[in-house]
2 protein chains.
Amino acid sequence: MTAGGSTPDRDLPIAEMGVVQSAGSSSPIPEATLARLPVYMRSLVEMADEGISTVSSRQLADLAGVNAAKVRKDLSHLGAHGKRGVGYDVDRLLAEIGGALGGSLTPVVIVGAGNLGRALSRYDGFMAGGFPVVAVVDSDRSLEGREISGVSITHVDHMDGVVRATGSRLGIVATPAHAAQEAVDRLVAAGLRSILNFAPAVVSVPPGVQLRKVDLATELQILGYYEHVRTSSEAPEQAVG
Amino acid sequence: MTAGGSTPDRDLPIAEMGVVQSAGSSSPIPEATLARLPVYMRSLVEMADEGISTVSSRQLADLAGVNAAKVRKDLSHLGAHGKRGVGYDVDRLLAEIGGALGGSLTPVVIVGAGNLGRALSRYDGFMAGGFPVVAVVDSDRSLEGREISGVSITHVDHMDGVVRATGSRLGIVATPAHAAQEAVDRLVAAGLRSILNFAPAVVSVPPGVQLRKVDLATELQILGYYEHVRTSSEAPEQAVG
DNA sequence: ATGCGCTTGTGCGCTCGATCACAGGTCACC
DNA sequence: GGTGACCTGTGATCGAGCGCACAAGCGCAT
Ligand SMILES: NC(=O)c1ccc[n+]([C@@H]2O[C@H](COP(=O)([O-])OP(=O)(O)OC[C@H]3O[C@@H](n4cnc5c(N)ncnc54)[C@H](O)[C@@H]3O)[C@@H](O)[C@H]2O)c1
Ligand SMILES: NC(=O)c1ccc[n+]([C@@H]2O[C@H](COP(=O)([O-])OP(=O)(O)OC[C@H]3O[C@@H](n4cnc5c(N)ncnc54)[C@H](O)[C@@H]3O)[C@@H](O)[C@H]2O)c1
């Protein structure tokens, strides 16, 4: 029950945990930086479209809504050398970030063709971002064969074959919570090593499998907390001057 | 996020550092803890359903997939006193967490009734979690009046009235990226102070407004990065071929 | 050639979160 | 009543990440 990949608890060999070492050409790249690279990329694409060829860390920081020093440190992680006194070359930066993030297409399989699964399947932003949805599976046989934006739904029992046939490298779980662990297990069994889970359930994966979760209910509840605190401290009037 | 509200501690003058403390009853509760409370809550609800009345930090930690000490420290933040040698009372803990997170219902308004907005509107988990979707607005007049799970779509121009009439306290932005800033501005103008943004755009809000974002594309890209690093370090021979 | 303004790259201190470890409290059982 | 197993609450330590601030590099105007 203790999630191996998501929360490195006690039993994991610490040596293997942290980052993905140095076989490739790139450096480790810290998570926090990693999470910002796509944001930079979006801003850079916009600039490139406008014909801007050079950008300073300050400008990029403003567009991305972060600190300029952070931008510089982030970019330094992927060896992107800008010119002092000038800034960074937009096109080169795009290439560097793109390369660091994986560059080529990463086909995605979605498990669960309900409300959320269908919305995700139809989302063209994934395709645009290099993550084409090439397969959708569900346990509901009545959905079998139905098409969603060019991809026909397959029964979850055939996941193995579908994953292999389509070359999916990344799985998205959009099943009810009680089926999430099973869905994840099947994805892992099919050979996937990167999974994004939308179900509000704690699932465990074997070591070496990357599991991330998107917990919308939790996001709402965090906002709800602040809302609650605000209203209960605003109501009793401004006691402190 | 140039947002003044999204990361309170960073943007505020250090003098103001303490969070919301003064008037309210509860302590500040750190973000990291806040994000885990809903997870604990889910596990606790399950246990309560099974008739379990007492839980130790170890048990809860296993269910939530985290460290036991972390559970204890988290719970200590909301003054939830367990009994040494025994554990925590499940029902009391549920009440305490529920109270800390806001307790009562927090009505939600969704901006943008496209793929994602409709999926979110139909999601009954929000209602179950205390966040009923009481309003849906869109700029597309052809959607006006159409119903989604009991809520009829209103034109975005009437947002003010709808928000007031429904008592919405929390806004969800599910518009295209280019309309996100406008949507946020309108929500703020309507009096909302807590917003969850799904659009992949950097939006800014006035100080005091809580803005959180859910960036699905970024999640995929982070996974894609690890996938990329793994494959390029696992199959150096095959890749060269 | 030289000075000046602009920008990068990064060392440093700080805060926050995670984990360990242990003292102190509780209960069951004999 | 005493003993031992168990569990909580928290001080201490460690690491990640953030932002400041500055030295070093670059290019243009003169
Ligand atoms: N809909 C939303 O907006 C939303 C928002 C936040 C979180 N979520 C979460 O996302 C998940 C999906 O939500 P939804 O609204 O799409 O639910 P849904 O009930 O509409 O769809 C779930 C789908 O999963 C399929 N399924 C069930 N068991 C399966 C299995 N073992 N293997 C494969 N497929 C299986 C079902 O047939 C169904 O089609 C849920 O866990 C939900 O909590 C949804
Ligand atoms: N669909 C997904 O699964 C998904 C996944 C990740 C991110 N997103 C993001 O969520 C957002 C919505 O995605 P979608 O697929 O639902 O897009 P969509 O195009 O299907 O829907 C967008 C809706 O917003 C409405 N809209 C446009 N401008 C508006 C305005 N100014 N005020 C109010 N409403 C307005 C449109 O009329 C439309 O109904 C996008 O930013 C997208 O990038 C979507």
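Residues numbered from 1 in each chain as written. Chains lettered and ligands numbered in written order. Predicted model: local features only at pLDDT ≥ 70, side-chain atom pairs only at ≥ 80, totals over all residues. Heavy atoms only, no water.

S.K.: Let's hear about the site of ligand 1: which residues, and what values?
M.R.: Around ligand 1 there are 24 residues in total, and Asn115, Leu116, Asp138 and Thr175 of chain A together with Tyr123 of chain B lie nearest to it. This site is not confined to one chain, since residues near ligand 1 come from chains A and B. For ligand 1, an oxygen atom lies 3.0 Å from a polar atom in the backbone of Asn115 of chain A. Among the secondary structure elements, those contributing two or more residues to the shell around ligand 1 are helix 6 (115–122) of chain A together with helix 6 (115–122) of chain B. (Near = heavy atom within 4 Å. Polar contact = N/O pair within 3.5 Å; in protein donor to acceptor, adjacent residues only side chain to side chain. Helix = DSSP H or I, 4+ residues; strand = E, 2+ residues; numbered from the N terminus.)

S.K.: I'd like a rundown of the relation of the copies chain B and chain A, residues and numbers included.
M.R.: Rotating chain B by 180° and translating it 0.0 Å along the rotation axis places it on chain A, where the RMSD comes to 0.1 Å. Taken together, the rotation and translation relating the two chain copies correspond to the operation of a two-fold axis. Nearest to the rotation axis, the C-alpha of Ala119 of chain B is located 3.3 Å from it, this being the minimum over chain B. Take the interface residues of chain B: 96% of them recur as interface residues in chain A, which is what a same-surface contact looks like. (Least-squares fit on C-alpha atoms with pLDDT ≥ 70 in both. Contact = heavy atoms within 4.5 Å.)

S.K.: Outline the site of ligand 2, supporting the account with residue identities and numerical values.
M.R.: Around ligand 2 sit 24 residues in total, of which Tyr123 of chain A together with Asn115, Leu116, Asp138 and Thr175 of chain B are the nearest. Near ligand 2, the surrounding residues are drawn from chains A and B. Between ligand 2 and Ala119 of chain A, the relevant distance is 3.1 Å, taken from an oxygen atom to a main-chain nitrogen or oxygen of the residue. At a separation of 2.5 Å, an oxygen atom of ligand 2 approaches a polar side-chain atom of Asp138 of chain B. Counting only elements with at least two residues in the shell around ligand 2, the list comes to helix 6 of chain A together with helix 6 and helix 9 (177–189) of chain B. Sort the elements by how many residues they give to the shell around ligand 2 and helix 9 of chain B lands first, with 3 residues. The residue makeup of the shell around ligand 2, split by class, is 16 nonpolar, 5 polar and 3 charged. (Nonpolar A, V, L, I, M, F, W, Y, C, P; charged D, E, K, R; others polar.)

S.K.: Lay out the side chain of Thr175 of chain A with the relevant residues and their values.
M.R.: All names here are of chain A. Residue placement: Thr175 occurs in the loop between strand 7 (170–173) and helix 9 (180–189). Judged by relative accessible area, Thr175 falls into the buried class, the value being 16%. Apart from the residues within four sequence positions on either side, Thr175 is in contact with Val111, Gly112, Ala180, Ala183 and Ala199. (Buried < 20%, exposed > 50% of the residue type's maximum accessible area, 1.4 Å probe, protein only.)

Honestly, that's just the spatial picture; any functional story needs more than this.
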